[in-house]
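Listed below, chain by chain, are the residues.
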Amino acid sequence: MAVSDAARLGAIKAQVSASPLYNENLAPTEPEERTWTTYNIAALWIGMAIVITTYTLASGLMAAGMTWWQALLTISLGNVIVLVPMLLNAHAGTKYGVPFPVFVRASFGVRGANFAAIARALVACGWFGIQTWIGGLALDALLTVAWSGWASVPGHAFITFFIFWAVQVVIILTGIEGVKIFESYSAPLLIAGGVALLTWGFIAGGGVGNVFSTSAELQQGQASFWAIFPSALAANVGYWITLSLNIPDFTRYAKSQQSQIVGQAVGLPLTMTAFSFIGIAVTAATVVVFGEAIWDPVQVVTQVASDLPAALVLAMVIIVIAQISTNMAANVVSPSFDFSNLAPKYISFRTGGIITAILGIVSFPWVLFENVGAYIFTWLVGYGSLLGAIGAVMIADYWILRRRRLDLADLYKMDGRYAYSGGWNWRAIVAVFIGVVPVLPGFLKAATTPGFEGVFQNPTFIEGLYNYGLFFTFFVAGAAYLLVSLITSRAPEVAEDREAVPE
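As the structure is a prediction and not an experimental result, all values here were calculated from the model.

**With respect to the overall build of the chain**
Across its full length, the chain carries 24 helices and 0 strands. Per-residue burial over the chain gives 60% buried out of 503 residues. Expressed as a percentage of contacts within the chain between residues at least 6 apart in sequence, the contacts between residues at least 24 apart total 85%. Accessible surface computed for the chain: about 18,400 Å², of which carbon and sulfur atoms make up 68%.

Here it is, written out as structure tokens:
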């Protein structure tokens, strides 16, 4: 950044520093804060994608009726698709140096931004709870193998859950720089752990050919591929649709647009596909070795390394790091900024993180993750439908109506161009509801049908829209926002390009 650009940013911050919409955590990033390289961005995605839920992602699809290669193809395609809105929203973070709840003020209004931000934050709180619960279970299982008496301790699973929770709270208190450092050092260790697990699978499973021939036994369901593919694809896009909204929270620290684009393109789809493949291959190997399919990597590790204390301890460390690295980046950073946006003068990034951790407990994650089908076809598809609509409005507003030009100072003003009517852009809210309401009947049917028996067979037209979930809401909400904005003659005025760093 040139001296004149740094001086201009300083002048903007001085102009709006007294605003109730401003605090140092939500302020545009300074030149010295833009330290994230291509490696840091790629490591961020490696740290988030290598996690137990990614490892087991194919299991729900195969349980519904897909073969292993159909499940892997669906996962891969879903992550390539979600990369598109990810990169589109990431652009503003790097260009203007602002986090998601500030960026979304342009499309939803300075007060309406809280609608989008809290919708994203509550999903993150649920995810934080799920990942913490899974991490606690992993720690519980490993401790049980290390010490047989641990299983007799009353409430042992909840004890490890809260231990895991407390460790993450300590990291939250280090702030965003602590997250960056943790992710950067974790990535190589996580890759090595995945490769080691895959190597064991191929060796113990009798070779690559034998493992792949055995993988046919993993398919359980009877539904046809095309019957479940739309909702399965929507679920896999929905897996990271949350991050496509708040990716500016990270790319605001990127050194350049090239750094964030290349880092994400390398880190996201490749890691998700590779680790899902490891999950399939190792599970197929467990059929050969143990006579049954074991999808839980913690159970695999405990059985393989139970007689090797050093290996068991190392595995415990890697699994714990995998869960924490995902939780810190995916489920703490965003809601910390989002809750701060509710009352910037009173809630800091760290305070927002503590709120997230507390809500992660009261979300009852042990219930959310109880059923793998519910996890994919109601939790992922359901919230993906809502957040997809919000993301479409953001993209349509920034890329089409505003042509990538924002007034940086006005994003922090109660009476600026983003104030709309009382701080709310009703056009954005209407567009989201137009996109989401039609999929509600299908969501209710999926959520209330035990075991999803018959959910994919002969749905009505309205119920069938839910199978396309996020895709339907994204395109409908985006089109509705453009149409309503133009019909009401309130197409946003293109601002003078007052960015944090020039392109």
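Right, picking up where we left off after that structure.
**Comments concerning empty space enclosed by the protein**
One pass over the full model with this rule turns up 3 cavities of 30 Å³ or more. Counted as a void, the largest cavity has a volume near 90 Å³. Along its surface, the largest cavity is lined by Met48, Val51, Thr53, Trp127, Gln131, Tyr239, Trp240, Thr242, Leu243, Thr326, Ala330 and Asn331. Counting residues per element, the ones that place at least two in the lining of the largest cavity are α8 (113-146), α12 (225-246) and α16 (309-331). Top element by residues in the lining of the largest cavity is α12. It accounts for 4 residues. Residue composition of the lining of the largest cavity, grouped by class: 7 nonpolar, 5 polar and no charged.

**Notes on the nonpolar core**
Counting residues in hydrophobic clusters, the biggest one holds 147 residues, and the most contacted among them are Phe108, Trp240 and Ile390. Among the elements that make up this core, the one with the highest residue count is α8 (13 residues).

**Notes on the environment of tryptophan 127**
On the secondary structure map, tryptophan 127 appears in helix α8. Relative accessible area serves as the criterion here: at 5%, tryptophan 127 is assigned to the buried category. Through-space distance from the C-alpha of tryptophan 127 to that of valine 332 is 9.5 Å; in sequence the pair is 205 residues apart.

**Thoughts on the layout of surface pockets**
In this model, the largest pocket occupies a volume close to 530 Å³. Contributing to the lining of the largest pocket are 25 residues, with Gly193, Leu197, Val301, Ala315 and Ile318 lying nearest its centre. Elements represented by at least two residues in the lining of the largest pocket include exactly α3 (52-55), α10 (176-204), α15 (297-305) and α16. Looking at the lining of the largest pocket residue by residue, the class counts come to 22 nonpolar, 3 polar and no charged.

**Here's the deal with α8**
The end-to-end C-alpha distance of α8, which contains 34 residues, comes to 48 Å, matching closely the 50 Å that a straight helix rising 1.5 Å per residue would cover. Counting buried positions along α8 gives 26 out of 34 residues, so the element sits mostly inside the fold.

Criteria and cut-off values
Residues numbered from 1 in each chain as written. Predicted model: local features only at pLDDT ≥ 70, side-chain atom pairs only at ≥ 80, totals over all residues. Heavy atoms only, no water. Helix = DSSP H or I, 4+ residues; strand = E, 2+ residues; numbered from the N terminus. Buried < 20%, exposed > 50% of the residue type's maximum accessible area, 1.4 Å probe, protein only. Contact = heavy atoms within 4.5 Å. Areas by Shrake-Rupley, 256 points an atom, 1.4 Å probe, with all protein chains shown as cover. 1 Å grid on protein atoms, 1.4 Å probe; cavity = no way out; pocket = protein on both sides within 12 Å on 5 of 7 lines; lining within 4 Å. Points joined across faces, edges and corners; volume = space filled by probe spheres on them. Nonpolar A, V, L, I, M, F, W, Y, C, P; charged D, E, K, R; others polar. Core = buried A, V, L, I, M, F, W, Y, C linked by side-chain atoms within 4.5 Å. Expected span 1.5 Å × (residues − 1).

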